[in-house]
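Fold and contact review
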Amino acid sequence: MADLHSRSQAHVPVANDPHPHPAMARLDFSCEALQGVNWRDRDLSHANFHSALLNTADLSHSLLLRANLSFAELVDVSLQYADLTHATLTQANLIGADLRWAILRAADCTQANLIGTELHKADLRETDFTAANLSRADLSYVNLRGAELGHAVLSGAVLSQAECSHTHLYQANLHQANLTHAYFCGAYLPQANLSRAIAGHVDLRWANLRGTDLSYADLTGATFRGANLTGANLTGANLTGANFRGANLTRSRLVNAILTDANWEDAHLDNCQFE
């Protein structure tokens, strides 16, 4: 294995270099020790970083299109404004990484460790986060439209103002997550855990919340218009001013919920439990 100094000094093209470097497609950094390397604003597209050690590296503004970062150690790495479109980050460790304004569109982040990761305003459209751990991550203002988050852990994560329309969150854990003013129109959330979530004015129109746990969540001013809440648990939830127009709440549980000024027009309330 080459030493860190020689590898960090290897010629890596600058992003948007007018002269193409076809050899980049063959660069192999798998299992390399590259901690703290400074490859800011470089073209690393198609490079292989499988199981590489990149902790505290600076890869901000770099191109990592279709790069392989599976099983890589990326703790506290800087990836601000980086483009990781179609990159593979399966089981990568990104604890504390800075991905603000990064592009991860259609990237594979299955089972990745993203605890405490900064993802503010990142482009995460169609990204696969199946079974990933995003606990306490900052996902404010991100675009997650069409993303896959089945079985993902987002407990304590911040998703305020996030665009999550048509996102798949089957059995995802959003316990105590901040969903204030987030958009989940048409999202798929059956059996998800949103207990004690802070979700004032969240938009859940036409969402599938079948069997979802919303107990003790703050859903003040939330919109559930046309949503499927069959069998949902809303015990102790604050539903002040919530809009359930046309929603299906068949067999849902609303014991001790705060229902002040809620709109129930055309809602289906068959076999609901209020006490």
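On a predicted model such as this, the values are computed, not experimentally measured, just so you know.

About the criteria used
- Residues numbered from 1 in each chain as written.
- Predicted model: local features only at pLDDT ≥ 70, side-chain atom pairs only at ≥ 80, totals over all residues.
- Heavy atoms only, no water.
- Helix = DSSP H or I, 4+ residues; strand = E, 2+ residues; numbered from the N terminus.
- Buried < 20%, exposed > 50% of the residue type's maximum accessible area, 1.4 Å probe, protein only.
- Contact = heavy atoms within 4.5 Å.
- Areas by Shrake-Rupley, 256 points an atom, 1.4 Å probe, with all protein chains shown as cover.
- Lys, Arg positive; Asp, Glu negative; His and termini not counted.
- Charge placed at Lys NZ, Arg CZ, Asp CG, Glu CD.
- Salt bridge = Lys/Arg side-chain N within 4 Å of Asp/Glu carboxyl O.
- Phe/Tyr/Trp six-rings, centres within 6.5 Å; stacked < 30°, edge-to-face > 60°.
- pLDDT = per-residue confidence, 0-100.

Remarks on the overall build of the chain
Each helix and strand counted, the chain has 1 helix and 0 strands in total. Dimensions of the chain, computed from C-alpha atoms along their principal axes, come out at roughly 70 × 30 × 20 Å. Among the 275 residues that make up the chain, the fraction classed as buried is 48%. Residue pairs at least 24 apart in sequence account for 4% of intrachain contacts in the chain once pairs closer than 6 positions are excluded. Summed over all atoms, the accessible surface of the chain reaches about 11,700 Å², with 45% contributed by carbon and sulfur. For the chain, the distance from the average site of its 18 positive side-chain charges to the average site of its 27 negative ones is 4 Å.

Let's talk about unusual backbone geometry
Positioned with a positive phi, Gln 191 is a non-glycine residue whose angle comes to about 60°. Look at Gln 191 and you get partly exposed, because its relative accessible area is 45%. Backbone geometry at Tyr 216 places phi at a positive 60°, although glycine is not the residue there.

So, the environment of Ala 52
Checked against the element boundaries, Ala 52 lands in the segment after helix 1 (4-8). The spacing of Ala 52 and Asn 68 is 16 residues in sequence and 10.0 Å in space, taken between C-alpha atoms. Discounting chain neighbours no more than four positions away, the residues touching Ala 52 are Phe 29, Cys 31, Glu 32, Ala 72 and Glu 73.

Some words on the pattern of salt bridges
One pass over the full model with this rule turns up 5 salt bridges. Its salt-bridge partner being Arg 105, residue Glu 126 comes within 3.6 Å of it at the nearest N-O pair. With Glu 126 in the segment after helix 1 and Arg 105 in the segment after helix 1, the pair connects residues that are 21 residues apart, well separated along the chain. Overall, the relative accessible area of 30% leaves Arg 105 in the partly exposed class.

Quick word on the packing of aromatic side chains
According to the stated counting rule, one finds 7 aromatic pairs in the structure shown. Summarising the aromatic geometry, the rings of Tyr 81 and Trp 101 are spaced 5.2 Å apart at their centres and angled 5° between planes, so their arrangement reads as stacked. Of this pair, Tyr 81 sits in the segment after helix 1 while Trp 101 is found in the segment after helix 1, placing the two residues 20 residues apart along the sequence. Consider the rings of Phe 244 and Trp 264, whose centres lie 4.6 Å apart with planes at 0°: the pair is stacked. Here Phe 244, found in the segment after helix 1, pairs with Trp 264, found in the segment after helix 1; they are 20 residues apart in sequence, far enough to count as distant.

Things to note about the side chain of Ser 60
Tracing the backbone through its elements, the reader meets Ser 60 in the segment after helix 1. Beyond its immediate sequence surroundings of up to four residues, Ser 60 is in contact with Arg 40, Asp 41, Ser 78, Leu 79 and Gln 80.

What to know about the confidence of the model for the chain
Chain-level statistics for the chain give a pLDDT mean of 93 and a share of 91% at 70 or above. Here residues 1-6 is modelled with pLDDT under 50, and outside its nearest four sequence neighbours on either side it reaches 8 contacts, counting other chains as well. Long-range and interchain partners of residues 18-25, a stretch whose pLDDT sits below 50, account for 9 contacts in this model, where long-range means more than four residues apart.

Brief notes about the environment of Thr 90
You can see Thr 90 is positioned in the segment after helix 1. When the C-alpha atoms of Thr 90 and Leu 104 are compared, they prove to be 13 Å apart, with 14 residues separating the residues in sequence. Ignoring any residue separated from it by four or fewer positions in sequence, one finds Thr 90 in contact with Ser 70, Phe 71, Asp 108 and Thr 110.

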